[in-house]
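The lines below spell out each chain.
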Amino acid sequence: MFAIQSFSSLIENSNANLSNTSKDLLNGLKIFHENQWYICGNLAINEGQLPHKFINSSPSDLDYQLLVKSALLLVADSVEQPITITTGFPYSTYRIYKDMATDFLRKTHIIEFDASTHSSSTKRSVILDVQNVEVIPEIVGCTIALRKGEQQAEGSFFVLSCGFGTFESVLSMDSGIVEQTMVSTHGMKYAVNMLIAELEKTHYLGFRNAHLIDEAFQKGYIILNRKNVDLREMRKNVLRSYYNEVISPNLRNVINDQNLMKTNKVYLCGGAMYYQDLVDCFKEEFGDVAQLEFVAEPASLASKGYALNSLRVSGGKKNSSVGLDIGNATTVVTTITA
């Protein structure tokens, strides 16, 4: 039903010759933007010196605009124009950035890129006409995916989404979302920063930023001074601290007695749900009172919801409907195949 492409949300200015350094466009994103060349995504990780991204960046920020161009480039050959895009922001920034994002996206985009990273071509360009744009809260995108996607969820349920930049929650009912259950607070970067603070007590980390340490956080180890440092126990401890200090206090007024009378079903989504240590924290607190549901491919759920919303906005034009999730750690672009 969905065609999903994802890449790291990292960018870096680079004029280096990177011919034939990647196997395909997804891994060889090099974009020309405002008279400068930038490497994006996985190419920035492999070839960059200090790839970066602002947390919850504005549509006026360089990283946001480059990631949008990268995502559009990836779907350029598979969509029918003009296209409809749905994207979103954390609830905390949604109202601030909604109009800015709409203005930036709804136009004809001329995207210049270096195809030599993965082919025999050099500088090329594509033109994409974006006709319709809708910007919604990210947690609402997750809810749409749960109700209209593979899950086909019905009735009332809680949605908890944890990404690198933001943790969010909402109670979704057949009649709509319950505004007072909306929570938007620190995401996994909080835990990664705690791990950095612990590592710095005994190791020199060089100039690694939180995004680069996040890669080691996911793998469970890091190479420092040519030694393999096991991070699994430290990761478990900081995830538990993150849950106890951030997530649990924010959920006390959401998953409470009054709301549990409406439903006890809780969907867990977002890339952080791949960490079993974090999932165990949810089980310990809510396992006896709530029915915890684990979503397949939790990191792409919001993008799927955006694509389904685009399908509605476009009047059912599957080949023209795109979902775009500019995440703080990963960017996910989704189209509908069937």
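Just above, that's the structure.
Just so you know, these numbers come straight off a predicted model, no measurement behind them.

Asker: How should unusual backbone geometry be read in this particular structure?
Answerer: It is generally the case that most residues other than glycine have a negative phi and that most peptide bonds are trans. Residue proline 82 follows glutamine 81 across a cis peptide bond; omega there is -5°. Its identity is not glycine, yet asparagine 20 carries a phi of approximately 55°, on the positive side. Tracing the chain through its elements places asparagine 20 in the loop between strand 2 (11-13) and strand 3 (30-33). One non-glycine residue, asparagine 225, lies in the positive phi region at around 55°. With respect to the secondary-structure elements, asparagine 225 resides in the loop between strand 11 (221-224) and strand 12 (227-230).

Asker: What is the right way to look at the packing of helix 5 (residues 189-199) against helix 6 (residues 210-219) in this model?
Answerer: The geometry of a pair of packed helices is captured by two quantities: the angle between their axes and the separation between those axes. Their axes nearest at 10 Å, the elements helix 5 and helix 6 cross at an angle of 85°. Judged on the interaxial angle alone, helix 6 and helix 5 are roughly perpendicular. Listed contacts from helix 6 to Lys189, Ala191, Val192, Asn193, Leu195 and Ile196 of helix 5 are Ala210, Ile213, Asp214 and Phe217. For the contact of helix 5 with helix 6, a count of residues per class yields 7 nonpolar, 1 polar and 2 charged.

Asker: I'm lost on a nonpolar patch on the surface in this one. Help?
Answerer: A cluster of nonpolar side chains, Leu50, Tyr204 and Phe207, forms an exposed patch at the surface whose accessible area comes to about 420 Å². Its location among the elements puts leucine 50 in the loop between helix 1 (42-47) and helix 2 (62-75).

Asker: What should I look at first to understand the sheet that holds strand 13 (residues 265-269) in this one?
Answerer: Backbone hydrogen bonds hold the strands of a sheet together, and the pairing may be parallel or antiparallel. Overall, mixed pairing links the 5 strands, which are arranged 10-9-8-13-14 in an open sheet. Among the strands making up the open sheet, the edge pair consists of strand 10 (176-186) and strand 14 (291-294). Strand-to-strand twist across the sheet, computed as the mean angle between neighbouring axes with direction ignored, equals 20°. In this sheet, strand 13 lies alongside strand 8 (residues 157-162) in parallel orientation, the contact comprising 4 bridges. Note that in strand 13 the partner of phenylalanine 158 across the bridge is valine 266. Across the sheet, helix 4 (residues 138-148) lies against strand 8, strand 9 (166-173), strand 10 and strand 13, angled at about 125° from strand 8, the strand it touches most.

Rules behind the numbers
- Residues numbered from 1 in each chain as written.
- Predicted model: local features only at pLDDT ≥ 70, side-chain atom pairs only at ≥ 80, totals over all residues.
- Heavy atoms only, no water.
- Helix = DSSP H or I, 4+ residues; strand = E, 2+ residues; numbered from the N terminus.
- Axes fitted to C-alpha atoms, helices over the stretch in contact; angles between N-to-C directions.
- Parallel < 35°, antiparallel > 145°, perpendicular 65-115°, else oblique.
- Contact = heavy atoms within 4.5 Å.
- Nonpolar A, V, L, I, M, F, W, Y, C, P; charged D, E, K, R; others polar.
- Patch = residues over 30% accessible without salt bridge, like charges linked within 9 Å, V, L, I, M, F, W, Y side chains within 5 Å.
- Areas by Shrake-Rupley, 256 points an atom, 1.4 Å probe, with all protein chains shown as cover.
- Salt bridge = Lys/Arg side-chain N within 4 Å of Asp/Glu carboxyl O.
- Pairing = 2+ DSSP bridges.

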